Amino acid sequence: MENVVGDRVLIAVQAVNISRLSTHPVPTVPGTLIVVAGAGPKDSNGAGKSSFIASITALLGDEQWRFASGAKAVSELLFNAELASGAGARQWASADHGYIVGVFAPPGMDGFPDQTYGTRAVSDLSTSAADAAPPGSAEGAGGELALGGPDGEEASGELFEVPDTSGGALTVWLKVNQEAPHLEIRWREGVHLAASPSEAERVARADEIWASLPKSAGRRDVVARDLTKVLYGDRVRCVSFLSTSVRSKVATNLLSQPLNEISPERVFEAIAALTGLDSELEQEREARRDEHAKRVRAAQAADRLAEFEAESKALLSTFDRRDQARIRLADALRCWRGRQARKLADAAAKDESLATDLERHHAAGETAAEAIAMVKAEIATLREDTLDRQVSQARKELAALQARAAKLDADRAVAENSADELRGQTQALEETRRFADGRDVPTAERELREVRLRLNEALKALGVADREVHSAQTALDDAEGGPAAAQLNALAAAGIGATGLLDALDVAEQAREATQPGGLRGWPHEHAVIVDAAELSSAAGALAKLPGSVLVSAAGVSVVGAFDGVATGREARIKAAEQRLHRAKDTQETAAQAVHAGEEAVAEAQRRLEGAKAGVRLAEVESKLAERRARLGELNAAIEELAPKVAEAERLAGTLDFRARTRDMEIERLEGRRQRLEAERAQARDQEAKVGTEREALKLDALAADWGGTVETAREWLDTLPEEERPRTAEEWWRIAERHFDQALRDTFPEEDAEIPEELRFLLSERGGSTAREQATFAAVCGALASYLRGQEEYERHQRRQTEAQIVSRQRDLAAAARGAEEAAQSTAVHRAALTAAIRARLTRVAEEFEKLDTSYGGYGATLEFPVPPAPADPEQRWQWRVTPKWRRGEGQGFVPYNRRANTALMDEKAVKLVCAAAIASSGGGHLCLVLDELGRNLGKEHRREAVALFRRIGETYGITVIGALQDDMEPYAIDACGQYVKLRRSSDAMPYNEPPVIVGHDEHAERVRALAAYVDRS
């Protein structure tokens, strides 16, 4: 059952136990502006305006009440004694339930019968005195209004007769409960209101009527979550702006403050509240919350699975290693058997090969022995020949002839060398002999002695001259340097003037010579200096370091010494020394020339003596040369005679020697062959013995026992192996078996401190040391390990099944959680995409209606700008849209954003048009009720009348019922511009309930007005 109300419109409202509202029915005029004013104890506050319009929004299914969540906020509208009457709460009790009743009728009432009230149209109706019912009226008994037909028919219980009840009036009852369910809905065709003379009776009558109404959902009542679907078919019938006094969630009221002070986000919230988008946005947020919760559950399931897998990984790894160890142990045993089979097969093949080799070596030894005997016979035959004696005799004769020829050649060579030496001496002797100039040896020796005597005399004269030059040069140096030079330098350094004694005296040359050999030189004359008498003591101090100095002054002489003759005068002494030096040098040069001439004469005399001696030697050499030439002739003749004999002996010896070498080579060849044959025979015998030893070492019987069968069965087992395993040697089988066993042991006991069974530990300790011991104990160790693994296999299999079952279960939970999260994400994405399209479509519809209203009522056009925002990542965050209203300020101009500076009247006008556009867009073409709290709070005095009139014109044009609660200052402007005026009254705070309301309105449907007026008058 859906859309019970259908196209009917609300024509009357009755509230029972709702806030302090009176229980009197309040008629409403559809499709116009209905203003709700108030008269409280002091001003309009406290008269229940907000509660009245809030009850209408609940009746009309305003989604802001959150019907899907149970509409708990509606229960806050119930009568509260403490809030209603203050101190009177002791006399009155708060209501635990109440009713909101609405009468819905078709948009046109032309089909109403006129038999009861006629067709007179009533334009003004007032219920200011409606509290007194005439005696004997239908309401006098306190029951429901029930009017009969024109002929006095039995009352039908209807306010008025409706020919077709399916299309006539419908009364909807909403029961509001303090406890859940907070909202219950029932309905019945016709008008069913609680009619009684007093408030208390109407409250009691309301409970009776509710009990008489049929349950709307069969055995139960329709509750809040199904209200809009059942009553209105999910079609929006009401949008509202309500105050904080009756709402837990307050939407932005576009009329409560200047439009340009509202942010684009709050503009969207207001439009969403008017168009019902806020509930869809809340659903989107709930979808994101659900997606987030499912993702969290999936992550938790993954964490739990990972934790369990980590915990069981070690255990399963141990089981896997044990299973792998069993496989490897089986492989090790198989490889060990392969080694045994290969060893037996290889040994059998080797034995067969060795048997063949043994026969071959024996035959080779016999053959070599026969060949050796034949070679020895040939060697004996060759060695019996007399060729060796002939060769020896020929070599002796040849050696004698060659020795004789060699001696002759040596003698000839000696003679030739001697003759050559003598001939070489002859030429040099002839050249030397010419220096003798015909002198013989005694004459030349006498002349040499004479010139040598003369040279010695010259040398003596030259030595005397050299000494004289040296003496003269020394005298000259003394004369030029002066005596007492050290004393003079010391006195000069001390700043004392002085002169050498010898420098101040001039001595004649003859006097100087008379003083020889020493002259005036020497102490004290040479070191004597002349100083001033006043500086004598200072000079003595200056010469203190030169002992032996002599000071001469007017005061006296420190040391007095004199000679018979004294040479004086420095210039004279230098001149005399120079002359002496010149004379000495001239004498020296003359002596040197004489020495040179003597030396040349000695050299010439020596050459002459040598020439005389060379003549004598030349005669001796020529005599020896003649003797050598005669000897050479004799030797050459002997050599020529001996040469043919030597050649014949060489030929004979060469022939015999060639024959001997040929025989020796043959014997050597035969000896080598004999040695080779003997070596072959010895080798054959050694190989024969070695092969026998090897055959014994094979131990075929022991290998067959280890294999447990014959050689043929071992070969058959090997032939069944795969191609890649057939070529393996016994050593390769062993290495693979050992590797498999080691890996199986490590897989079984991975830890170093693992508890290994005692038997297995003992066998493992016995294996160390050598490969032979390892092979000897291999079968026993494998058996002990296999026994241990068999004992653990059943337990591990059971544990593995349990663990794997747990993992599969947890993986299934994770897959389900992941699938749920993915489905939630897809659902959220689809819902968001659909919601985005719906919001854009709804906002586009609002923008279109905004444009129509603006151009229809004095504007130049308006629109909305609403970019699509990204969805928030936080699941608790609301999807925030932004709506920017824009309008043109002149014909042909561009759109200007609403938050630009503008006059107040323009802002108020655009706000009213935007609110109405949102309401029109949300109606979906059906009748809509727009409920506004605090209507015109922000409107300026000069614009209030125009704004209220605009609401009325838009409502009447588009069939929107605009219900607005207003303050006192708006009442004068709204009362003339509205289509209906409702004033709620409460004169004192001591009164818990309102007085009957005052209603003034206009309705073009006369029959509906008459019916409601009669009903109100009678109630």
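Preceding block: the structure.
Definitions and cut-offs
Residues numbered from 1 in each chain as written. Predicted model: local features only at pLDDT ≥ 70, side-chain atom pairs only at ≥ 80, totals over all residues. Heavy atoms only, no water. Helix = DSSP H or I, 4+ residues; strand = E, 2+ residues; numbered from the N terminus. Buried < 20%, exposed > 50% of the residue type's maximum accessible area, 1.4 Å probe, protein only. Contact = heavy atoms within 4.5 Å. Areas by Shrake-Rupley, 256 points an atom, 1.4 Å probe, with all protein chains shown as cover. Core = buried A, V, L, I, M, F, W, Y, C linked by side-chain atoms within 4.5 Å. Pairing = 2+ DSSP bridges. Axes fitted to C-alpha atoms, helices over the stretch in contact; angles between N-to-C directions. Phe/Tyr/Trp six-rings, centres within 6.5 Å; stacked < 30°, edge-to-face > 60°. Lys NZ or Arg CZ within 6 Å of the ring centre and 35° of its normal. Salt bridge = Lys/Arg side-chain N within 4 Å of Asp/Glu carboxyl O.

Colleague: Would you mind going over the overall build of the protein in detail, with residue names and values included?
Modeller: Looking only at helices and strands, one finds 22 helices and 19 strands in the protein. By residue count, 45% of the 1019 residues in the protein fall in the buried class. Pairs at least 24 residues apart make up 78% of the contacts formed inside the protein by residues separated by at least 6 positions. Total accessible area on the protein is roughly 51700 Å²; 50% of this is exposed by carbon and sulfur atoms.

Colleague: Let's hear about the nonpolar core: which residues, and what values?
Modeller: Counting residues in hydrophobic clusters, the biggest one holds 62 residues, and the most contacted among them are F268, I271, L864, L930 and F951. A total of 12 residues in this core trace back to one element, the largest contributor, which is helix α19 (residues 904-923). Sequence-distant contacts of I271, defined by excluding residues within four places in its chain, comprise L843, V846, L864, V883, L914 and A918. With 49 residues, the next largest nonpolar core counts A15, V26, I56 and I963 among its residues.

Colleague: Explain the sheet that holds strand β6 (residues 183-189) residue by residue, including any values.
Modeller: Reading across from one edge, β2-β1-β4-β5-β6-β7 is the order of the six strands in this open sheet, with antiparallel pairing throughout. Looking at strand neighbours, the two that pair on one side only are β2 (26-27) and β7 (222-223), the edges of this open sheet. Bridge count between strand β4 (residues 97-105) and strand β5 (residues 170-177): eight bridges; the pairing is antiparallel. Looking across to β5, one finds that G102 is bridged to V172. In the packing of helix α1 (residues 49-59) onto the sheet, contacts are made with β1 (9-16), β2, β4 and β5, and the angle to β4 comes to roughly 70°. Of the strands in this sheet, β1, β4, β5 and β6 touch helix α3 (residues 199-212), which is tilted by about 80° from β6.

Colleague: If you had to explain the packing of aromatic side chains to someone new, which residues and values would you point to?
Modeller: In this structure the tally under the stated criterion is eight aromatic pairs. A ring pair is formed by F268 and W881, whose centres lie 5.9 Å apart and whose planes are at 20°; its orientation type is stacked. Placement of the pair is F268 in helix α5 (residues 264-275) and W881 in the loop between β13 (862-865) and β14 (884-888), with a sequence separation of 613 residues. Taking the relative accessible area as the measure of exposure, F268 reaches 1% and is therefore buried. The class for W881 is buried, based on a relative accessible area of 0%. In this structure, R728 is placed above the aromatic ring of W733, and the distance from its NZ or CZ to the ring centre is 4.9 Å.

Colleague: Can you lay out the pattern of salt bridges for me, pointing to particular residues and giving the numbers?
Modeller: In this structure the tally under the stated criterion is 17 salt bridges. R202 is the salt-bridge partner of E199, the closest N and O atoms lying 3.4 Å from each other. Taken together, the residues span about one helical turn, with E199 and R202 both in helix α3 at a distance of three residues. We classify R202 as buried; its relative accessible area is 1%. Between K852 and E849 there is a salt bridge whose closest N-O contact spans 4.0 Å. Placement of both K852 and E849 in helix α18 (residues 778-856) is noted, with a separation of three residues, approximately one turn of the helix. When salt bridges with common partners are traced through the structure, they connect R395, D657 and R661 into a single cluster.

Geometry only, nothing functional implied.
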